[in-house]
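Each chain, letter by letter, is given below.
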Amino acid sequence: MSALIELEGVVKQFPGDTEPVLAGISLEVGRGELVALIGPSGCGKSTVLNILAGLIRVTSGTLRINDRDARVSYVFQRPRLLPWRKVRRNVEFSLEQADVTGAARRRAAEAAIERVNLTGHEDKYPHQLSGGMQQRVALARGLAIEPSVLLLDEPFGALDALTRSYMQEELLGIVRGTGTTALLVTHDIDEALLLADRVLVMSSRPGRIKHELRVPFGTERSLDALLQDPEYGRIRSELRHLLRPEVVEELNG
């Protein structure tokens, strides 16, 4: 599998900080691969996504996206919908930024809305939707431009457990179905094991990658099936053990 995303020795230190947020991050994400980053709060997971999105620059090191025409979409923890726009127009917002116009923009928005099972809700405003539906609009907005790279920053963290479980499986089907390359930031070990091909465990600040786990459950997954797999419990415990020192350090300040 050829690498679409490469970070090599990336350091990020913000002005005025006494230590870097990231200290020598190196990772590769293959085309069509979904990689999860997990680690304690403040370890720099979201900073990695912001660098890939071009929102901030590295202090040192190298970033490569090996596709000159790559389109990058970013889905945040909160939907960040425009309240004065209906669903269709919110989804079209990303297409406007990509200079997709006219009938092509409308077709792409409608296809993305259908993909997240929101057909029939195109003319509703955000306040008329549940939290889960709003997040599906945000996901549709990210998918509408048919991204080469999908960046997901705890996209379901604000949802209740049942809605989150449904959305996780929906996302898994969408990403697998489109072949999109994705990088997911999450605090949730179960979410990482359900969705990812590989899980990268980050240390506390300054952030480094301390462990890589290749998830062995194949591409066709459901949370119910995983919970019945004895190997799932063992791997989950391994990840909890790896994260425990970081979390204890965070709690102790």
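Below: a short report on this structure. (Residues numbered from 1 in each chain as written. Predicted model: local features only at pLDDT ≥ 70, side-chain atom pairs only at ≥ 80, totals over all residues. Heavy atoms only, no water.)

### Considering the side chain of glutamate 33
Then, in step 1: As for its placement among the helices and strands, glutamate 33 is situated in the loop between β2 (22–30) and β3 (34–38).
Then, in step 2: Assessed through its relative accessible area of 5%, glutamate 33 is described here as buried.
Then, in step 3: Within the structure, the side chain of glutamate 33 is placed 2.8 Å from the backbone nitrogen of glycine 30, a separation counted as a polar contact.
Then, in step 4: Side chain to side chain, glutamate 33 and arginine 198 meet in a polar contact 2.7 Å long. (Helix = DSSP H or I, 4+ residues; strand = E, 2+ residues; numbered from the N terminus. Buried < 20%, exposed > 50% of the residue type's maximum accessible area, 1.4 Å probe, protein only. Polar contact = N/O pair within 3.5 Å; in protein donor to acceptor, adjacent residues only side chain to side chain.)

### As for the packing of helix α2 (residues 87–97) against helix α4 (residues 131–143)
Then, in step 1: Interhelical geometry of α2 versus α4 gives an angle of 35° and a closest axis separation of 7 Å. Our pair here, α2 against α4, has a crossing hand that is right-handed. Of α4, the residues touching α2 (which contributes Val87, Asn90, Val91, Phe93 and Ser94) are Val137, Ala140 and Arg141.
Then, in step 2: Of the residues in the contact of α2 with α4, the class split is five nonpolar, two polar and one charged. (Axes fitted to C-alpha atoms, helices over the stretch in contact; angles between N-to-C directions. Left-handed = near helix turned anticlockwise from the far one by under 90°. Contact = heavy atoms within 4.5 Å. Nonpolar A, V, L, I, M, F, W, Y, C, P; charged D, E, K, R; others polar.)

### Regarding helix α3 (residues 102–115)
Then, in step 1: In this model, α3 (14 residues) spans 20 Å end to end at C-alpha, consistent with the 20 Å of a helix rising 1.5 Å per residue.
Then, in step 2: Among the residues of α3, those classed as buried are Ala109, Ala112 and Ile113. Buried residues in α3, looked at end-on, bunch into an arc of 100°, giving them a common side. Among the exposed residues of α3, those pointing more than 90 degrees away from its buried face are Ala103, Arg107 and Glu114.
Then, in step 3: Those residues of α3 that are buried lie in contact with α2 and α4.
Then, in step 4: Positive backbone phi, at 60°, marks asparagine 117, one or two positions downstream of α3. (Expected span 1.5 Å × (residues − 1). Arc of directions from axis to C-beta.)

### Observations concerning the nonpolar core
Then, in step 1: Of all hydrophobic cores here, the largest spans 52 residues; its most connected members are Leu150, Leu193, Val199 and Leu239.
Then, in step 2: At six residues, α4 tops the list of elements feeding residues into this core.
Then, in step 3: Ignoring sequence-local partners within four residues, the contact set of leucine 150 consists of Ser73, Val75, Leu139, Leu143, Leu171, Val175, Thr180, Thr181, Ala182 and Leu183.
Then, in step 4: Counting 23 residues, the second-largest nonpolar core is a separate cluster that includes Leu22, Ile25, Val48 and Val185. (Core = buried A, V, L, I, M, F, W, Y, C linked by side-chain atoms within 4.5 Å.)

### Observations concerning the packing of aromatic side chains
Then, in step 1: This model, assessed by the stated rule, comprises two aromatic pairs.
Then, in step 2: Here the aromatic rings of tyrosine 74 and phenylalanine 76 are separated by 4.2 Å at their centres, their planes lie at 15°, and the arrangement is stacked.
Then, in step 3: Each ring, one from phenylalanine 217 and one from tyrosine 232, has its centre 6.0 Å from the other, and the planes form 55°; the classification is tilted. With phenylalanine 217 in the loop between β9 (209–214) and α7 (223–227) and tyrosine 232 in helix α8 (residues 230–251), this pair connects stretches of sequence that are 15 residues apart.
Then, in step 4: By relative accessible area, which is 14% here, phenylalanine 217 ends up buried. (Phe/Tyr/Trp six-rings, centres within 6.5 Å; stacked < 30°, edge-to-face > 60°.)

### Structural notes on the pairing of strand β1 (residues 3–12)
Then, in step 1: For β1, a buried count of seven out of ten residues is recorded, marking the element as mostly surrounded by other parts of the structure.
Then, in step 2: Pairing geometry for β1 and β2, over seven bridges, is antiparallel. If you follow valine 11 over to β2, its bridge partner there is alanine 23.
Then, in step 3: Summarising the sheet, β1 and strand β4 (residues 60–65) pair through five bridges and their orientation is antiparallel. In the sheet register, glutamate 8 faces β4, and the bridge partner there is threonine 62. (Pairing = 2+ DSSP bridges.)

### Details of the pairing of strand β8 (residues 198–202)
Then, in step 1: Among the five residues of β8, five are classified as buried, and the element is accordingly described as predominantly covered.
Then, in step 2: Pairing of β3 with β8 involves four bridges; the strand directions are parallel. The residue bridging alanine 36 from the neighbouring strand is valine 199, located in β8.

### Description of the sheet that holds β8
Then, in step 1: A sheet is described by the order of its strands in space; here six strands give the open sequence β5-β6-β7-β3-β8-β9, paired in mixed fashion. Either end of the sheet is taken by a strand with one partner, and the two such strands are β5 (72–75) and β9. In this sheet, adjacent strand axes meet at a mean angle of 15° when their direction is disregarded.
Then, in step 2: Lying over the sheet, helix α1 (residues 45–52) contacts β3, β5, β6 (149–153), β7 (181–185) and β8, oriented at roughly 150° with respect to β7.
Then, in step 3: Contacting β5 and β6, α4 crosses the sheet at an angle of about 170° to β5.

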